[in-house]
Amino acid sequence: MNGKKKKIIFGVSLILLLAGLVCLIVYFVKKKENHQIYDDIQKENEVSEVPEEPVEEKEPVVIPIDFASLKETNPDIYAWIDIEDTNIHYPIVQSATDDTYYLEHTIEGVKGYPGSIYTERANAKDFSDFNTLIYGHDMKDGTMFKHLHKFENPEFFQSHETVTIYTETEIKTYRIFAAIVYDNRHILNSFRFDDAESRKAFIQSLYDARSMKNQFREGMTIDENSRLITMSTCITGQPDKRYIVVAEEVVDS
């Protein structure tokens with residue numbers, strides 16, 4: 001190979017290397033900008049504690065989340081999820097036209113990671129369904145639903161029982177029942193939750209999902225009349241599995 005050809009090959013290789021570096025830099029800059037979107041919103045909607053229920057007379061519910069401002073950012077935002085001692089303090093969105101949109105778009109409509117915390121159109125926005133599925137990415141930097149994996153630790157699971165969901169008019173409290181490794185089936189398409197026997201089948205599938213990482217809360221049972229949320233995220237290196245945390249709504253007696 002003569003010197004001219006070597007120079008050409010070197011030049012092409014250098015151009016390809018520089019192009020790759022530029023793409024990598026653009027990717028990380030965009031990812032950082034997308035994360036900043038959520039950092040800003042979390043700071044604006046910090047929840048210090050869940051307001052206590054009045055003992056005697058019920059007063060108007062005070063919602064600590066600024067939904068008016070959130071809806072100016074994106075009218076698809078309809079709820080907020082909060083789990084103590086985690087990074088899970090996020091708005092929940094639902095697209096009216098595309099169930100996969102928020103898998104790859106932030107709440108500001110920017111394409112790419114970390115996406116959004118979202119539900120699908122099969123679920124009502126008032127959390128009245130038997131089981132509301134809430135999805136989020138398992139981000140390496142600890143954002144989105146990465147901290148669901150904290151519940152793999154038995155001590156963390158036992159000491160952290162509640163999930164709080166805020167809507168524009170309600171504060172809903174859920175008690176965590178199970179945190180398990182599950183298969184990657186689409187739960188809403190795999191069970192008919194309008195049928196009592198199918199609801200029972202879903203509950204049984206939780207117990208059937210065998211894993212050393214499974215956690216179930218002792219002394220707590222759920223049945224076909226429960227009202228659940230199931231938070232779902234990925235497991236690194238296991239595309240055929242999902243990590244889910246299932247919680248039951250606490251209803252005042």
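The structure this text deals with has already been given above.
Rules and cut-offs
- Along every chain, residues carry numbers that run from 1 in the direction the sequence is written.
- Reporting of local features is limited, given that this is a predicted model, to residues whose pLDDT is at least 70; pairs of side-chain atoms are given and counted only at 80 or more, and all residues count toward the totals for whole chains, interfaces and linings.
- By convention in this description, side-chain values take in all heavy atoms of the structure and omit both hydrogens and water.
- In DSSP terms, a helix is any run of H or I states spanning at least four residues, a strand is any run of E spanning at least two, and both are numbered starting from the N terminus.
- Accessible area is worked out with a 1.4 Å probe on protein chains only. A residue is then buried under 20% of its type maximum, exposed over 50%, and partly exposed in between.
- Counted as a polar contact is a pair of N or O atoms within 3.5 Å, where, for protein atoms, one must be capable of donating a hydrogen and the other of accepting one, and residues adjacent in sequence contribute only when both atoms are in side chains.
- Only heavy atoms matter for contacts: two residues are in contact if any of them lie within 4.5 Å across the pair.
- The pairing test for Phe, Tyr and Trp rings, Trp by its six-membered ring, is centres within 6.5 Å, and the orientation test on the planes gives stacked under 30 degrees, edge-to-face over 60, and tilted for anything in between.
- Criterion for a salt bridge: a side-chain nitrogen of Lys or Arg within 4 Å of a carboxyl oxygen of Asp or Glu.

Visitor: Which residues make up the side chain of Thr233, and what are the values?
Guide: Here Thr233 is to be found in strand 8 (residues 228-234). Overall, the relative accessible area of 1% leaves Thr233 in the buried class. At 2.8 Å, the side chain of Thr233 forms a polar contact with the backbone oxygen of Gly136. For Thr233, the residues in contact, after removing those within four places along its chain, are Gly136, His137, Asp138, Phe145, Leu148, His149, Arg242 and Tyr243.

Visitor: Which residues make up the packing of aromatic side chains, and what are the values?
Guide: Summed over the entire model, instances satisfying the criterion amount to twelve aromatic pairs. Ring plane angle 80 degrees and centroid distance 6.0 Å describe the contact between Phe177 and Tyr207, whose orientation is recorded as edge-to-face. Pair noted here: Phe177 is in strand 6 (residues 171-183) and Tyr207 is in helix 5 (residues 196-208), with a separation of 30 residues, a long-range link. The class for Phe177 is buried, based on a relative accessible area of 1%. By relative accessible area, Tyr207 is classed as partly exposed at 33%. With 5.0 Å between their ring centres and 15 degrees between their planes, Tyr207 and Phe216 make a pair best called stacked.

Visitor: Outline the environment of Thr119, supporting the account with residue identities and numerical values.
Guide: Secondary-structure assignment places Thr119 in the loop between strand 3 (117-118) and strand 4 (131-135). Residue Thr119 is classed as buried on the basis of its relative accessible area of 2%. When the C-alpha atoms of Thr119 and Ile92 are compared, they prove to be 7.3 Å apart, with 27 residues separating the residues in sequence. If sequence neighbours within four positions are ignored, Thr119 has contacts with Tyr78, Ile92, Val93, Gln94, Thr132, Leu133 and Ile134. At a separation of 2.7 Å, a polar atom in the side chain of Thr119 contacts the side chain of Tyr78. For Thr119, the side chain forms a polar contact with the side chain of Gln94, separated by 2.8 Å.

Visitor: Could you give an account of the pattern of salt bridges, with specific residues and numbers?
Guide: A side chain with one charge can pair with a side chain of the opposite charge if their charged atoms come near. Using the criterion set out here, one finds ten salt bridges in the structure. Ionic pairing is found between Lys146 and Asp138, a salt bridge with its closest N-O pair at 3.4 Å. Here Lys172 makes a salt bridge to Glu249, at a shortest N to O gap of 3.3 Å. Here Lys172, found in strand 6, pairs with Glu249, found in strand 9 (residues 241-249); they are 77 residues apart in sequence, far enough to count as distant. Per residue, the accessibility class of Lys172 equals that of Glu249, and both read buried. Through salt bridges that share partners, Glu161, Arg175 and Arg217 make up one connected network.

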